[in-house]
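Summary of structural features
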Amino acid sequence: MSPNQQQDLPGQRLVLGPDAPLRLDCGVDLAPVTIAYQTYGSMNADKSNAILICHALTGDHYVADPNPVTGKPGWWIDLVGPGKILDTDRYFLICSNVLGGCMGSTGPMDINPETGQPWCLNFPVITIADMVRAQVRLVDHFGIDKLFSVIGGSMGGMQALEWASRYPDRVFSAVPIATAARHSAQNIAFAEVGRQAILADPDFMDGDYPLHDTKPSRGLAVARMAAHITYLSEAALHRKFGRNLQGRDTITYGFGADFQVESYLRHQGSTFVDRFDANSYLYITRAMDYFDLAADHGGQLANAFRGTKVRFCIISFTSDWLFPTPESRAIVHALNAVAANVSFVEVESDKGHDAFLLDEPEFHATLSGFLEGAAEHRGLPRKDGI
Amino acid sequence: MNHPSMRIDLQLIADMIEPGSRVLDVGCGEGVLLDYLNRFKQVDGRGVELSMAGVRSAVAHGLSVIQGDADTDLKDYPSGAFDYVVLSQTLQATRNPKLVLRDLLRIGRRAVVSFPNFGYWKVRLGLLATGRMPVTSTLTYQWYDTPNIHFCTIADFVALCAEEGIEVEKSLSLNSDGTVRFDAGGRLSNWLSEQAVFLLKKA
């Protein structure tokens, strides 16, 4: 997608002008900054019913709308809507495309005002904290002092943790799902494989491919294929595909997509490149690699939450090997160490990391119960309107 | 959650807790006591439960509960973080009851502990008469599938408290017919009581 196409995307935008630059962790003052976002439901009189939803690495702010590029339903359509768990009749939901993204918020494909050319790899390296800084500006824009909740899975969960840690007075509750307080060595390793696939594509051209009207599609597709495997589980892959052959009765003694699982991955890769920018992929995976909440607090994760009044609900999934349960448990231990208010559920699922995006009744019951309890403590009306 | 059916020992525990206090319920199950305390005593309540099924049910009911183990996870909590730490019908299932008891009174200003009394006359008589491990209405497991690995009698528990310098502020014991006796430390209690509830404090 080109910058021009990006501007045609539906949804709302907040522009931070040169008078209000975003101070990034790397020291750069970034301006102008566009934050593309969607909202659902309406704000109550005292602005106490706002929930910020944070999307994952390749997600976007089209939580409950058809995706304008793929036409597919919103990624959390199961959860967001009237009468649903994230009830648009009761809550004001906000989701913004992350800083560095490619769905309308400022990222490497935007024009660098100093050169008049796309930023490409001259875009400053951003962090999870920077993404959250941009969200803070958006929340300020709405005049919201305190979010009722910040909810996110995977990288979205990192943002929820960052919010709760850095802005504890502005968050009533936080729900970090299938996430970790730091990217593990294994996660960094997976991310690096993806980046190297992009960098190795001759069409990458040191990141300047937008200037040459080309795209490192093969590299980005391989990055997506490798990453996609980490989002599933062995059991899920086996159930879905087994060793079934793709449109043939016998193996071909060649390197075509003999197996259904190969065909599936190739499809995942090839459709991904239509909706995602390779440079954005580099920047956002890097932001995840750099995330280490304990390191930001003298090596003690508990220090990130000392004195916190935030109500936490930590959720993990048994078959998630990208953000396995011990990562969530480490967060729980740190929260216990400061006597924080925390719930923690490990949901039994064989669907791997992606379970947080899927229909998992136990996960939904947990999220619903937690939010109902939190709403009661926040003084928000209950589900039946009482 | 259905409170009228709350276990009688839970009701006795609830009665010992001051309204508005901070409570940690270790081994909270599905959170029946916590839910009661939240609603009727406005406590700031948290729970720890070993079984994930219990945790899921509690959290789905809006309670702040985590999956955890009394033997290993209490060490994370800071000293004096709670007004009360409750351990109901769980002490006998821990690997190291003495250390757990110490942790309860480190984390909480007070601890409320309930446990089945192995000195109950039916238990004593059962073992004496049949030569088989006792199975009663409060001790429902067979020896091979019981989670209860550290049984004690009321007299044992009182002795441990004395040894650990723990003051018994209040103690209640329960007969099988639900009769409450108001001094579990009394000599008859150890014979007549099926279970006991102790309110403890560091001496």
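For every chain, the first residue of its written sequence is number 1, and the numbers climb from 1 along that sequence. Labels are handed out in written order, letters beginning with A for the chains and numbers beginning with 1 for the ligands. Where totals are concerned, whole chains, interfaces and linings use all residues; where local detail is concerned, this predicted model gives features only for residues with pLDDT of at least 70, and gives and counts side-chain atom pairs only at 80 or more.

**Structural notes on the overall build of chain B**
- The secondary structure content of chain B amounts to eight helices and eight strands.
- Here the C-alpha radius of gyration of chain B, 16 Å, is about what a compact globule of 203 residues would show, namely 17 Å.
- Counting other C-beta atoms within 10 Å of a residue's own tells you its class, since 20 or more makes it buried, 12 or fewer makes it exposed, and anything in between is partly exposed; those C-beta atoms are placed from the backbone. Here chain B holds 203 residues, and the buried ones make up 48% of them.
- Note on contacts: each residue gets a C-beta atom placed from the backbone, and two residues are in contact if those atoms are within 7 Å. Considering only residue pairs separated by 6 or more positions, chain B has 63% of its internal contacts joining residues 24 or more positions apart. Every helix listed is a DSSP run of H or I at least four residues long, and every strand listed is a run of E at least two residues long, numbered separately from the N terminus. Atoms considered for the radius of gyration are the C-alpha atoms alone. The globule rule reads 2.2 Å times the number of residues to the power 0.38.

**A few points about the pairing of strand β14 (residues 341-347) of chain A**
Residue and element names in this part refer to chain A.
- Burial runs high along β14: six of the seven residues are buried.
- The pairing of strand β13 (residues 311-317) with β14 spans seven bridges and is classified as parallel. Its bridge partner being in β14, isoleucine 315 is matched across the sheet by valine 345.
- One crossover worth recording links β13 to the parallel β14 by way of helix α9 (residues 325-337), and it is right-handed. One bridge is not enough; two strands pair if DSSP finds at least two bridges between them. Whether a crossover is right-handed depends on one test, that the path from the first strand over the helix to the second runs clockwise when the strands point away from the viewer.

**Quick notes on the pairing of strand β11 (residues 147-153) of chain A**
Residue and element names in this part refer to chain A.
- Within β11, seven of the seven residues are buried, which leaves the element mostly enclosed by the surrounding structure.
- The pairing of strand β5 (residues 50-54) with β11 spans four bridges and is parallel. Bridge pairing in β11 links cysteine 54 to glycine 152.
- With six bridges joining them, β11 and strand β12 (residues 171-177) adopt parallel strand pairing.

**Notes on the interface of chain A and chain B**
- Listed as interface residues are 21 residues of chain A and, on the opposing side, 17 residues of chain B.
- For the side of chain A that touches chain B, the secondary-structure elements that each account for two or more residues are α9, β14 and α10 (361-378) of chain A.
- Broken down by element, the side of chain A that touches chain B gets its largest block of residues, eight residues, from α10 of chain A.

**Some thoughts on the domain arrangement of chain A**
- Here chain A is partitioned into domain 1 (3-183 + 292-378) and domain 2 (188-285).
- How far each domain reaches was decided by an automatic or database domain assignment. Computed from C-alpha coordinates alone, the two centres of domain 1 of chain A and domain 2 of chain A are separated by 26 Å.

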